[in-house]
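Structure at a glance
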Amino acid sequence: MEIFIAIAAVLGMATIFGAVLGFIAIKFRVEGNPIVDQIDSILPQTQCGQCGYPGCRPYAEAMANNDEAINHCPPGGEATIQELAELLGVEVIPLDQEHGEEQELPSVAYIREDECIGCTKCIQACPVDAILGAAKLMHTVIVDECTGCDLCVEPCPVDCIDMLPVAIEQNTWTWDKPAGVGESSVERIPVTNIQEAS
Amino acid sequence: MAFISVTSPHSHRANSTAGVMQQLLLATLPGVLALFWFFGWGILVQITLSVITAVLCEAGILYLRKKPIAFYLKDYSAVVTAVLLALAIPPIAPWWIVVIGTSFAMVFAKHLYGGLGSNPFNPAMVGYAFLLISFPLQMTTWLPSEGNFGASTGVENTLQLIFSSSPADDASNYDAFSGATPLDELKTQLDLDQSTDILQQQDVFKGFIAGAGWDWVNVAFLIGGCFLIWRKIISWHIPVGFLAGLGILAAAFSLYQPAQYASPLFHWFGGGCMLGAFFIATDPVSAATSDKGRFIYGFLIGLLIYIIRTFGGYPDAVAFAVLLLNLAAPTIDYYTQPRSYGHDKPNRGTAKKDS
Amino acid sequence: MSRNTWKFHGGIHPPQNKQQSVSASIRQLPLPDKLILPLQQHIGAPGKVLVSVGDRVLKGQLLAQAKGFVSANLHAPSSGTVIDISDQPVQHPSGLPGKCIVIETDGKEQWCEIHPIDDYRQMDATQLLATINNAGIVGMGGAGFPSHVKIGTQQTISTLILNAVECEPYITSDDLLMRERAAEIIEGLQILAFILNPKEILVGIEDNKPEAIAAMRRAAQESTEANPGAPCAVTIVSVPTIYPSGGEKQIIQILTGKEVPSGGLPSDLGIVCHNTGTVHAIRNAVIEGKPLISRITTMTGNLVTDPGNIEVLLGTPVSHLLQHTRTSANQIHRLIMGGPMMGFSMRSTEIPIVKTSNCIIAADDQEFPDAPPEQPCIRCGACAEVCPAKLLPQQLFFYSKSKEIDKAKHYNLMDCIECGACSFVCPSQIPLVQYFRFGKGEVRKSKIETDKSDRARMRFEAHQERLEKEAAAKEEKRQQRAAANALKKEKQAKAKLEKEAAEAANPSTAASTAQESSNEPSNNDADEALETLKSNATKASKRYQQAKKALQMAEKNGADNIDKLREKILQLETKASDAKKALKEALPSPAKKIPAKSDATPNNTPKETDTSAVIAAATARVKVKKAQNALMAAEASDASQEVLEHLSTNLNTARTELEQHAPSEPTTGEAQ
């Protein structure tokens, strides 16, 4: 007799827990595929295609669905790889050099405007529509919107696009990180006294 | 002429880590003297051995880690760890005890975690706990207190005890001198269903509060601790929390059943209580950081000490209580952040993404 | 007079070092030859330059106009000539240059027209506010926040605070100003009170300035006696000496016990707080009509032989001050603008005095020795004990150091006021403030980066969408065209059928079909229309001839239904004449189009050839460049003679090519 009670109890519990689990699975279901969004939000959005995908989101989708490696993003560099590793629970691996090297300073495209012939090739290449211009008219880059992806440099028939590092100005300058333990963070500036020298 | 470009502020208070550590060492002096007075030369030998071991270990590890040796040795942190460990172990423990303990503390508890400032556990207490678990006999054998700077034991005898190749060789000699601490004895007796009345009967308890000599040692450490608070080397929160935690539990239990449980005074002035409260638990590296957090941290250590002393397997429990709370310190920190200027309430827990 | 004060958390007592500069009274210096006026002397947008090089300017003339709400005007401190508008070393810790207007003074000190206000009580608040705005007054205690923004708050103000604490060591400019010009400061306060209409005016002065407190009390007393109807009396509050009680948030807490909400402004609490120098400048602007062109600056430091406070024109180079205070400039180790706690080290003596320069300290390495090397943090908590913002600096330090900005933000990094109290007490000599500044920079950078990447994502998505739409539109057009062609074919087939049914084919029918079809494409795109018109025209002429032949055939054969046909032909004839009219009307339009096109073509052709020549030239130039580079690389890498020769012939062909296309241009190769 007891064996039946036991079986009934186990079955009953299984039913209840199953129902609860099922209910929760429906009630608290996570909508959509947020992992792709999460990965996408980590990627630097340069849309440069250096990873081999046409833009950041496709790469994010590939990482989420096809186990693509996390080290194919040179603009994001080490920091992005670390964040991705943390998010996806995989190991941090060094940047795959095949896809390019991490740049120290962000750069932005500049068109040498008197050399531009107005061929619109760079406009077509720009993934974020950051180049203005029309056929046979001079083009220019909206510097604030340029992601520094490099994609416009190759198509230019007259090589008039330069990738220049973003200049540091007073309002974008920040203090350096101190040198760390064992170091004194003092920068010495040699000064010559103009009055004495003359 | 050459200018320098450097961030503000341009003026500094003349203080240094080395200064902090030196004052800490200075503050242990009353305690050292008291130990010396009651338990003889052993303590001085142990301190010497421990400091030499610690400095050598630190230098060796710094060399292996390719760090500037002199720069780090100058901060005195190794010496402080060594002295605190030496103060905690029995004065007549064999030399290899203190050497093993100190090197374990320096290598495993300190440098493997990244050196000064990065160790989650108090190195001295890790060394002590390691010794206590590994060599319980040697670690619980104390001399009976006598006074007179150990005149009756003598320097030679002490050295012989410490440096004899094995305690067993001199078993008779050893036994002749050694004895249990009052805390140990009380625990043993209470376990034998004796009542706390024995506190008035046996020799080992014949101090003014908590056992011959031990109460004075604790008073000495209390004096040293007050000096630290006065010099603002430590804040009052941890010691006060510590003593409050211990005292409240002890008072509650001894009021409930005085025959079974010793008084708060006995607990405060017995064993390593004051050393723990003012010198061990206040190690800032492994303690909680905010004022509130420090009080809670100290309080919990006090509670744990009483619980382990009374219900656990060890007569004194400063090391284990401190180590357990070292583990809890980050959590305490998360929940005791002060309310910053201009905020309605303090932040809690850890950072959330995009907060 | 004693009033309850509150305490803020922490604080320190650094050595005061104020006595050096208080013994002498405020003095003036000879006019410098050159005044350098940075456009950015305040928080906010730099002003718009109104003068150009060579202009003669008068003292007090507007040089740069505020751009936007948070900005400030800039005036000429003396008369002279604008000799340069360019980047100069300025008062910025980075050492990066900033745009400046440089004036060569003429020594005449000729004022422009100024408008003193006799009785400000007759004015209304907006007019006074405009006066203050026009005078270019900013917070002169160090931050440089435009004053009119603070005064022009929309919130109801209950408390006006004069921050005369001056808690930083060494600085005594406000102290001396209060000792010597207390009445004017009180007058400035009354002006502000007239604008803001507060319930109380509090003046907070640290108790280490008894002379200033006494002077201010006397002046306040006299002011109350002179104007019994004044809206509210000034209360002088002596506050305990502790650094940083002069921080705006701290003085508000000391005097009112309230805390400015994180991310908020004092006006959220109904409080407006101004610095002594600022209030004095407001008084000068209103009563004397003089814009902000000078300020009191403390010259001190152990290298200064004549320390003291100097009323100095804005734009005066620091070297001028050093020279006239007999400072041994050769021994300077640190030259600090501002106080020793929050000031920054200057990289040049040519940096000018600006609106916020309250102090210059010329010190050798005895006075401010180099910081010893940083030691590991032992988490002693000394920093947390002194932090006036009640933060946990050691946590902020760990998170800033490891760039964990989310955690640093969680520990309220952005509430740090960079007062330096933590660095001052740190036994491990950790440059905490620099870590926090670095951390704040990282927070700002990451914000900018996130914003930028969000924008890039949006733009990329828009770009993708546009491409897809374009592709879809093309596809649709293609399908439409296919459908139209099918329809046309059907029509043609139908017409043919009809024709055959009619048998007695009339040229006019064919003509009319031709006309119709020629009219059809008028709503198509111009190019397409043109082409269809052309093809229709040829088709029409073909059909016309076919129809003619058919008619002749039909007449020969003599069909039975000829009557019916004739009727139809009549109808068709009228239709045809209508159609011909339409054709006539329609014809000019393609005719117009065609000439338009042909008009364009001759115009375009030279241009096009021109452009193509330019393109060819540019491509050739690139070829030359590439060939040159290849040659150089080959030379550098010791390539074989053959390869080199090959490359140089390549280069030569490229050059000749370039010369063909752009003979006037020297080749880049030659230029190099």
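Predicted model, so just to flag it, every value in this text is computed and none were measured. (Residues numbered from 1 in each chain as written. Chains lettered and ligands numbered in written order. Predicted model: local features only at pLDDT ≥ 70, side-chain atom pairs only at ≥ 80, totals over all residues. Heavy atoms only, no water.)

1. What to know about the overall build of chain A
The helix and strand inventory of chain A stands at six helices and five strands. Each helix and strand of chain A, ordered N terminal to C terminal, gives the series α-α-α-α-β-α-β-β-β-β-α. Split into buried and exposed, the 198 residues of chain A put 32% on the buried side. (Helix = DSSP H or I, 4+ residues; strand = E, 2+ residues; numbered from the N terminus. Buried < 20%, exposed > 50% of the residue type's maximum accessible area, 1.4 Å probe, protein only.)

2. Focus: the sheet that holds strand 6 (residues 74-75) of chain C
Reading across the sheet, the three strands line up as 3-5-6 (chain C) and stay open at both edges, with antiparallel pairing between neighbours. Either end of the sheet is taken by a strand with one partner, and the two such strands are strand 3 (48-49) and strand 6 of chain C. (Pairing = 2+ DSSP bridges.)

3. Quick look at the interface of chain B and chain C
Tallying the contact residues gives 47 residues for chain B and 64 residues for chain C. Regarding the contact of chain B and chain C, the summed buried area is about 4,900 Å², with carbon and sulfur atoms giving 51% of it. Linking chain B to chain C there are three salt bridges. Note that D333(B) and R379(C) form a salt bridge whose closest N and O atoms lie 3.9 Å from each other. Here chain B and chain C share 27 residue pairs in polar contact (both at pLDDT 80 or more) between them. (Contact = heavy atoms within 4.5 Å. Buried area = accessible area lost by both parts, 1.4 Å probe. Salt bridge = Lys/Arg side-chain N within 4 Å of Asp/Glu carboxyl O. Polar contact = N/O pair within 3.5 Å; in protein donor to acceptor, adjacent residues only side chain to side chain.)

4. Regarding the side chain of E442(C)
All names here are of chain C. Inspection of the secondary structure assignment puts E442 in helix 12 (residues 432-502). Its relative accessible area of 13% is what places E442 among the buried residues. Not counting chain neighbours up to four residues away, the residues in contact with E442 comprise K403 and I405.

5. Considerations on the pattern of salt bridges
Applying the stated rule across the entire model yields 34 salt bridges over all chains. For E259(C), the salt bridge is made with R339(B), and the minimal N-O distance between the two is 2.9 Å. Taken as a pair, E259(C) in the loop between helix 5 (248-256) and strand 12 (271-275) and R339(B) in the segment after helix 16 (318-335) lie in two separate chains rather than in one. Ionic pairing is found between E374(C) and K401(C), a salt bridge with its closest N-O pair at 3.8 Å. Remark: K401(C) occurs in helix 9 (residues 393-401) and E374(C) occurs in the loop between strand 17 (359-363) and helix 8 (382-386); sequence separation between them is 27 residues. On the basis of relative accessibility, which here comes to 1%, the residue E374(C) falls in the buried class. Taken together, the salt bridges that share partners define one network made up of D37(A), D40(A), R57(A), E61(A), D454(C) and R457(C).

6. A few points about the packing of aromatic side chains
Residue and element names in this part refer to chain B. On inspection of all chains with the given rule, the structure shows 22 aromatic pairs over all chains. For the ring pair F71 and Y72, a centre distance of 5.1 Å and an interplane angle of 85 degrees mean the geometry is edge-to-face. With centroids separated by 4.9 Å and ring planes inclined at 20 degrees, the aromatic side chains of F104 and F108 adopt a geometry described as stacked. Linking F104 with F108, this pair stays in helix 5 (residues 95-110), spanning four residues, or about one helical turn. Three or more aromatic residues link up through ring pairs in this structure, and these residues are F253, Y261, Y306 and F311. The lysine or arginine in question, R231, covers the ring of W230, its NZ or CZ lying 5.5 Å from the ring centre. (Phe/Tyr/Trp six-rings, centres within 6.5 Å; stacked < 30°, edge-to-face > 60°. Lys NZ or Arg CZ within 6 Å of the ring centre and 35° of its normal.)

7. Section: the confidence of the model for chain A
Residue and element names in this part refer to chain A. Model confidence for chain A is summarised by a mean pLDDT of 83, while 91% of its residues fall at 70 or above. Here helix 6 (residues 194-197) is the element of chain A with the lowest mean pLDDT, 46, and helix 1 (residues 2-27) is the one with the highest, 92. Counted against residues more than four places away or in other chains, residues 192-198, with its pLDDT under 50, gives five contacts. (pLDDT = per-residue confidence, 0-100.)

8. Here's the deal with the nonpolar core
One finds L87(B), Y128(B), Y297(B) and I301(B) to be the most contacted residues of the largest nonpolar core, which totals 86 residues. When residues in this core are grouped by element, the largest group, 10 residues, is from helix 1 (residues 17-39) of chain B. Leave out the neighbours within four places in its chain, and I301(B) touches F242(B), A281(B), A321(B), V322(B) and L325(B). I26(C), V51(C), I151(C) and V286(C) belong to the second largest nonpolar core, which has 60 residues in total. (Core = buried A, V, L, I, M, F, W, Y, C linked by side-chain atoms within 4.5 Å.)

9. A few points about the confidence of the model for chain B
Summarising the model, chain B shows a mean pLDDT of 84, and 85% of its residues fall at 70 or more. Across residues 167-174 of chain B, confidence stays below pLDDT 50; counting only partners more than four residues off in sequence or on other chains, it has nine contacts.

10. Looking at a nonpolar patch on the surface
Residue and element names in this part refer to chain A. Residues M13, I16, F17, V20, F23, I24 and F28 make up a contiguous nonpolar surface patch of roughly 750 Å² in combined accessible area. Within the secondary structure, V20 is located in helix 1. Exposure remark for V20: the relative accessible area of 39% places this residue in the partly exposed category. (Patch = residues over 30% accessible without salt bridge, like charges linked within 9 Å, V, L, I, M, F, W, Y side chains within 5 Å. Areas by Shrake-Rupley, 256 points an atom, 1.4 Å probe, with all protein chains shown as cover.)

11. What about the environment of Q23(B)?
All names here are of chain B. Structurally, Q23 is set in helix 1. Between the C-alpha atoms of Q23 and F227, which are 204 residues apart in sequence, the distance is 9.0 Å. Look past the residues within four positions of Q23 in its chain and what remains in contact with it is F227, L228, R231 and I233.

12. Some words on the state of the cysteines
All chains considered together, the criterion is met by zero disulfides over all chains. C119(A) takes part in no disulfide bond, and the closest cysteine sulfur, belonging to C156(A), lies 5.8 Å away. Counting only cysteine sulfurs, C419(C) is the nearest neighbor of C387(C), a cysteine outside any disulfide, at a range of 6.3 Å. (Disulfide = S-S within 2.5 Å.)

13. Quick notes on the side chain of T282(B)
Residue and element names in this part refer to chain B. As for its position among the elements, T282 is in the loop between helix 14 (273-280) and helix 15 (291-311). Taking relative accessible area as the criterion, T282 reaches 9% and is therefore assigned buried. One polar contact links the side chain of T282 to the main-chain carbonyl oxygen of F278, over a distance of 2.7 Å. Setting aside chain neighbours within four positions, we find T282 in contact with I234, I238, P239 and A277.

14. What to know about the packing of helix 11 (residues 214-230) of chain B against helix 14 of chain B
To describe two helices that pack against each other, one gives the angle between their axes and the distance between the axes. All names here are of chain B. The interhelical angle for the contact between helix 11 and helix 14, taken along N-to-C directions, is 15 degrees, at an axis separation of 8 Å. Considering the angle they form, helix 11 stands roughly parallel to helix 14. As helix 11 packs across helix 14, the resulting crossing turns out to be left-handed. Listed contacts from helix 14 to N218, F221, L222, G224, G225, C226, L228 and I229 of helix 11 are C273, M274, L275, F278 and F279. Here the residues of the contact of helix 11 with helix 14 are counted per class, giving 10 nonpolar, three polar and no charged. (Axes fitted to C-alpha atoms, helices over the stretch in contact; angles between N-to-C directions. Parallel < 35°, antiparallel > 145°, perpendicular 65-115°, else oblique. Left-handed = near helix turned anticlockwise from the far one by under 90°. Nonpolar A, V, L, I, M, F, W, Y, C, P; charged D, E, K, R; others polar.)

15. A closer look at the sheet that holds strand 7 (residues 80-88) of chain C
Residue and element names in this part refer to chain C. Strand order in the open sheet made by the four strands is 2-8-7-4, with antiparallel pairing throughout. The sheet terminates laterally at strand 2 (34-38) and strand 4 (56-57), the two strands that pair on one side only. The sheet contact formed by strand 2 and strand 8 (residues 98-105) spans five bridges and is antiparallel. By the bridge assignment for strand 8, P38 is matched with C100.

16. Re unusual backbone geometry
Residue S8(B) is joined to P9(B) through a cis peptide bond whose omega torsion reads -5 degrees. As for its position among the elements, P9(B) is in the loop between strand 1 (2-5) and helix 1. In this chain, Y243(C) is followed by P244(C) through a cis amide linkage whose omega measures -5 degrees. Along the polypeptide, P244(C) turns up in the loop between strand 11 (234-239) and helix 5. A positive phi angle, close to 65 degrees, is found at Y76(B), a residue other than glycine. Topologically, Y76(B) is positioned in the loop between helix 3 (69-73) and helix 4 (77-88).

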